[in-house]
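Examining the three-dimensional arrangement
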Amino acid sequence: MSEQFDLTIIGTGPGGYVGAIRAAQLGMKVAVVEKRATHGGTCLNIGCIPSKALLHASELYEEAGHNFAKLGIAVDGLNVDLPGMLKHKDETVKSNTGGIEFLLKKNKITAFHGLGKIEGPGKVSVTSDEGETQTIDTKNIVIATGSDSANLPGIEIDEKRVVTSTGALDLETVPEKMIVVGAGVIGLELGSVWSRLGSEVTVVEYLDRILPGMDGEVAKNFQRTLKKQGFKFKLSTKVTNVDTSGDSLKVSVEPAAGGDAEELDADVVLVAIGRTPYTEGLGLEEVGVELDERRRVKIDNHYKTNVDGIYAIGDVVVGPMLAHKAEDEGVAIAEILAGQAGHVNYDVIPGVVYTSPEVASVGKTEEEVKDAGIDYKVGKFQMTANGRAKAMLATDGFVKIIADKNTDRVLGAHIVGKGAGEMIHELAVLMEFGGSAEDLARTCHAHPTMSEAVREAALGCGDGTIHM
């Protein structure tokens, strides 16, 4: 008789491994299935973590080349050691994925490596790279298989010259010219890495703005900042072809609304037009699990599919494709299966663009508040008026807080600035507990800190800022 598990999770990305650990903590016997040799999914292996290693390294290089002299630090012979930078990235990945393996073992979670497929309620098969198959008996199954990079029709990805985010993390030389297709988070982050290391970066975006879905004022101001850094933008423009036959790539573009085409030269083209849920080959159609029009798994409010005993979380279901959203869902489904009241507040999911400066947001944009017909007020504070920002030569950006005009409850917050990804969390906590702008404005903030700008923006929702 085969081993019986209470829960089997397919995929050990942020949603899968966190859900597995929480379920084990709650007393369940848990198995996980992972197609990679290492755990952590896209995020730890080829996404969030390696990209942050390169972002940090390239930011330091940029600082040394441009700001150190202003700070009284003389640097001679500055150059890019790309192999060394990539080595740091790989060591960071190894450390993090090894940490996940340790945590799974610590929590007595059984790990299976290979392709997982749902054979029916309570049955998951795992096929190894060698072609050997074994079957797991389990009471419940959670699909946490994440997502893949989306591609443009007719454009072949070789991960050398025409790359997704995966190939963009492993370029062997700094390209002289890089074209980034897509002005979303991934394209701007990785584009900024190679821009700082010396590439001439042109961003081609189908829409008429960058960072679709983010606050319009934030996106407009941030685009100006990126232009000052050397980014070029072609908005309302689509890529129709990439000719790879010559030494240089020839990229055909034309106006999204139609018009005359033009050809751009590039050494590397990064296709960053979004991600698609990984739901192929899981046996979902065979067992009757329903998918929506974007091939995401349909679930109810408790992450349950239309098939008893089968659940789904993370990038394969509706919602923002964010690692921390998947983590919270992993905790929630584990608690639900344990008979507790697992829950995720989707109105308070922070989002961060890890460029320099960073862009961070939580809650509603001004456009969303306006469209909802809510009577609102806005408080803003520029980083140019922040003492710590001046001392750090980090005065690009601002804080914007949107509050209900009648109740003063904070509905959304948006930050552009150094460390914005860290600063956003006091606003997330405030919003989680239904706090008001006045609550934040009356909370003492240490001086001098960048976070004082957050308090000042909250003051701006009331009688006005102090320092601007």
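The model shown is predicted, which means the values in this text are computed figures rather than measured ones.

Per the UniProt annotation, the sites labelled "binding site: NAD(+)" (unreviewed entry) are Gly182, Ala183, Gly184, Val185, Ile186, Gly187, Leu188, Glu189, Glu205 and Gly274. Structurally, alanine 183 is set in the loop between β9 (177-181) and α6 (185-196). Contacts of alanine 183, omitting those with residues within four sequence positions, involve Leu188, Val203, Glu205, Ile210, Leu211 and Pro212. As for its position among the elements, glutamate 189 is in helix α6. Given the relative accessible area of 6%, glutamate 189 is considered buried. Aside from chain neighbours lying at most four places away, what touches glutamate 189 is Ser51, Lys52, Leu55, Val352, Val353, Tyr354 and Thr355.

Attention now goes to helix α1 (residues 14-25). Between its first and last C-alpha, α1 extends 16 Å over 12 residues, near the 16 Å set by a 1.5 Å rise per residue. Where burial is concerned, most of α1 is hidden: 10 out of the 12 residues are buried. Listed as buried for α1 are Pro14, Gly15, Gly16, Tyr17, Val18, Gly19, Ala20, Ile21, Ala23 and Ala24. Positioned one or two residues after α1, glycine 27 has a phi angle of 95°, which is positive.

Taken as a whole, this structure holds 24 salt bridges when the rule is applied. One salt bridge in this structure joins glutamate 189 and lysine 52, with 3.3 Å as the shortest N-O distance. With glutamate 189 in helix α6 and lysine 52 in helix α3 (residues 48-66), this residue pair connects regions lying 137 residues apart in the sequence. One salt bridge connects aspartate 137 with lysine 123, and the closest N-O pair in it is separated by 2.5 Å.

Turning our eyes to something else, we now look at the UniProt feature "binding site: FAD" (unreviewed entry) in the protein chain. Taking the numbering used here, the UniProt-annotated feature "binding site: FAD" (unreviewed entry) corresponds to Lys52, Gly116, Thr145, Gly146, Ser147, Asp315, Met321, Leu322, Ala323 and His324. The greatest C-alpha distance among the annotated residues, which extend across 273 residues, is 29.4 Å, indicating that they are dispersed rather than converging on a single site. Along the chain, aspartate 315 turns up in the loop between β17 (310-312) and α9 (323-337). Once residues lying within four places of it in the same chain are set aside, the contact partners of aspartate 315 are Gly146, Ser147, Pro277, Met321 and Leu322. For aspartate 315, the side chain forms a polar contact with the side chain of serine 147, separated by 2.7 Å. With respect to the helices and strands, the residue methionine 321 is situated in the loop between β17 and α9. What makes methionine 321 partly exposed here is its relative accessible area of 30%. Each residue touching methionine 321, except ones within four places of it in the same chain, is listed here: Ser147, Arg275, Thr276, Pro277 and Asp315.

Considering the arrangement of structural elements, one finds lysine 94 in helix α4 (residues 82-106). On a C-alpha basis, the gap between lysine 94 and glutamate 262 in space is 43 Å, while along the polypeptide they are 168 residues apart.

About the criteria used
- Residues numbered from 1 in each chain as written.
- Predicted model: local features only at pLDDT ≥ 70, side-chain atom pairs only at ≥ 80, totals over all residues.
- Heavy atoms only, no water.
- UniProt positions renumbered as here; feature names shortened; annotations may be inferred.
- Helix = DSSP H or I, 4+ residues; strand = E, 2+ residues; numbered from the N terminus.
- Contact = heavy atoms within 4.5 Å.
- Buried < 20%, exposed > 50% of the residue type's maximum accessible area, 1.4 Å probe, protein only.
- Expected span 1.5 Å × (residues − 1).
- Salt bridge = Lys/Arg side-chain N within 4 Å of Asp/Glu carboxyl O.
- Polar contact = N/O pair within 3.5 Å; in protein donor to acceptor, adjacent residues only side chain to side chain.

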